[in-house]
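Breakdown of the fold
This is what each chain is made of:
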Amino acid sequence: MNSKRFCNINLLGALSVLLCVSSNTYALDQTATFTGGGDGASWSDSNNWDLGVSPCNIGIVEFIVIIPNGFTVNDDVANCQIQSLEHGVSTLNILANNVLNISTDATVTDSGVISLQTTAILNVASNFVLGNNAKLNLSAFADFTTSTADISGVVTADGADFVAMPFYLVGSRARLYANNGASISISNSPTYSSSGLYTDTSCSVFGCAARTFNINLFTASDVGTQLDLSSVQSI
């Protein structure tokens, strides 16, 4: 009978690999947290990560990547694959022409931002979660694909493609903006209902007060732009 054993190791400076083999299968999962201790921004700078290596899967080592609050990270690796992504209130820029493949899930915390520059590619093999007021920005010819998506933030596609199936619009703040020939497809989405009102609370020396104002939930502009809402039962 085959069995599977998971081993954790510490990576300090250079990548050390400890094989943990039981019968015919083995795996090594490592959690890499961005610290900004190098140049403060580059994915490829090993000193920016607590493990001392730039996290891209290599051999049997797979990385669970955590980007905490307060950072701007530039993915400057041409082709990188990781196991999963936990993204805080930070900004992740996938630079032009680069590819980031995530073999399981990606979660973007409320108000976090992921931006794909021109012709950049982001593939999420399992589920993509975009938190409340988080943003996914796709520049011209960028490409985003995922098996499923739970969206309660803002997707902006500028001449790019966003494809997810099934696609779930969560709550009343999910917003989809497409322009310059972009394509956003909502497949197998449940009912989405919203008044189009947005409320927040602002504070000053005189106290705090709630503000309510209208926002655009969906926009599509320019020739060739497609915003497919055909599967949404009600809006």
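This write-up is about the structure you can find in this document. (Residues numbered from 1 in each chain as written. Predicted model: local features only at pLDDT ≥ 70, side-chain atom pairs only at ≥ 80, totals over all residues. Heavy atoms only, no water.)

Considerations on the packing of aromatic side chains
Convention followed: Two rings belonging to Phe, Tyr or Trp (six-membered ring only in the last case) form a pair when the distance between their centres is within 6.5 Å. Interplanar angles under 30 degrees mark stacking, angles over 60 mark edge-to-face geometry, and anything in between is tilted. Here a strand is any run of E in DSSP of at least two residues, a helix any run of H or I of at least four, and the numbering for each starts at the N terminus. Type-normalised accessible area, obtained with a 1.4 Å probe on protein chains alone, sets the label of each residue: buried when under 20%, exposed when over 50%, and partly exposed for intermediate values.
Tallying each qualifying case throughout the model produces 5 aromatic pairs. Where Phe 144 meets Phe 162, the ring centres are 4.8 Å apart and the plane angle is 10°; that geometry is what we call stacked. Placement of the pair is Phe 144 in strand S13 (residues 143-151) and Phe 162 in strand S15 (residues 161-164), with a sequence separation of 18 residues. For the pair shown, Phe 144 and Phe 162 are each scored as buried. These aromatic residues form a ring-pair network of at least three members: Phe 34, Trp 43, Trp 49 and Phe 71.

Concerning the environment of Phe 144
Cut-off, in case you're wondering: Contacts between residues were defined by any pair of non-hydrogen atoms, one from each residue, lying within 4.5 Å.
Accessibility expressed as a relative area gives 0% for Phe 144, which makes it buried. In the structure, Phe 144 is positioned 24 residues away from Ala 120 in sequence and 8.6 Å away in space, judged by C-alpha atoms. Here Phe 144 is in contact with Leu 122, Val 124, Phe 128, Leu 136, Leu 138, Asp 161, Phe 162 and Val 163, once residues within four sequence places are set aside.

Here's the deal with the environment of Asp 39
Threshold: Residues adjacent in sequence count toward polar contacts only when both atoms are side-chain atoms; beyond that, a polar contact is any pair of N or O atoms within 3.5 Å, and within protein one must be able to donate a hydrogen and the other to accept it.
Inspection of the secondary structure puts Asp 39 in the loop between strand S2 (27-33) and strand S3 (61-67). On the accessibility criterion, Asp 39 (47% relative accessible area) is partly exposed. Leaving out residues up to four positions away in the same chain, Asp 39 has contacts with Asp 45 and Asn 48. A polar contact is formed between the side chain of Asp 39 and the side chain of Ser 42, at a distance of 2.6 Å.

Examining unusual backbone geometry
Even without being glycine, Asn 133 reaches a positive phi, approximately 65°. The residue Asn 133 is located in the loop between strand S11 (121-130) and strand S12 (135-138) in this model. Even without being a glycine, Asn 180 presents a positive backbone phi close to 55°. Counting through the fold element by element, Asn 180 comes out in the loop between strand S17 (175-179) and strand S18 (183-186). Looking at Asn 180, the relative accessible area reads 44%, which means it is partly exposed.

Some points on the environment of Thr 33
Mapped onto the elements, Thr 33 comes out in strand S2. Between the C-alpha atoms of Thr 33 and Leu 51, which are 18 residues apart in sequence, the distance is 7.6 Å. Beyond its immediate stretch of four places on either side in the chain, Thr 33 contacts Asn 48, Trp 49, Asp 50, Ile 66 and Pro 68.

Side note on the side chain of Asn 98
Residue placement: Asn 98 occurs in the loop between strand S7 (91-94) and strand S8 (99-102). Only 3.5 Å separates the side chain of Asn 98 from the backbone oxygen of Val 77, close enough to count as a polar contact. With near-sequence residues (within four places) excluded, Asn 98 lies in contact with Asp 75, Asp 76, Val 77, Ala 78, Thr 119, Ala 120 and Ile 121.

A word on the pairing of S12
The condition is simple: By this definition, two strands are paired if DSSP reports at least two bridges between them.
Going residue by residue along S12, you find Leu 136 and Leu 138 tucked away on one face and Lys 135 and Asn 137 left uncovered on the opposite face. Inspection of the sheet shows strand S10 (residues 113-116) paired to S12 by 4 bridges, in the parallel sense. Looking at the pairing, Ser 115 lines up with Asn 137 of S12. When S12 meets strand S14 (residues 154-158), the two strands line up parallel, connected through 4 bridges. Pairing of Asn 137 across the sheet is with Thr 156, part of S14.

In short, the description is geometric, and any link to function would need to be established separately.
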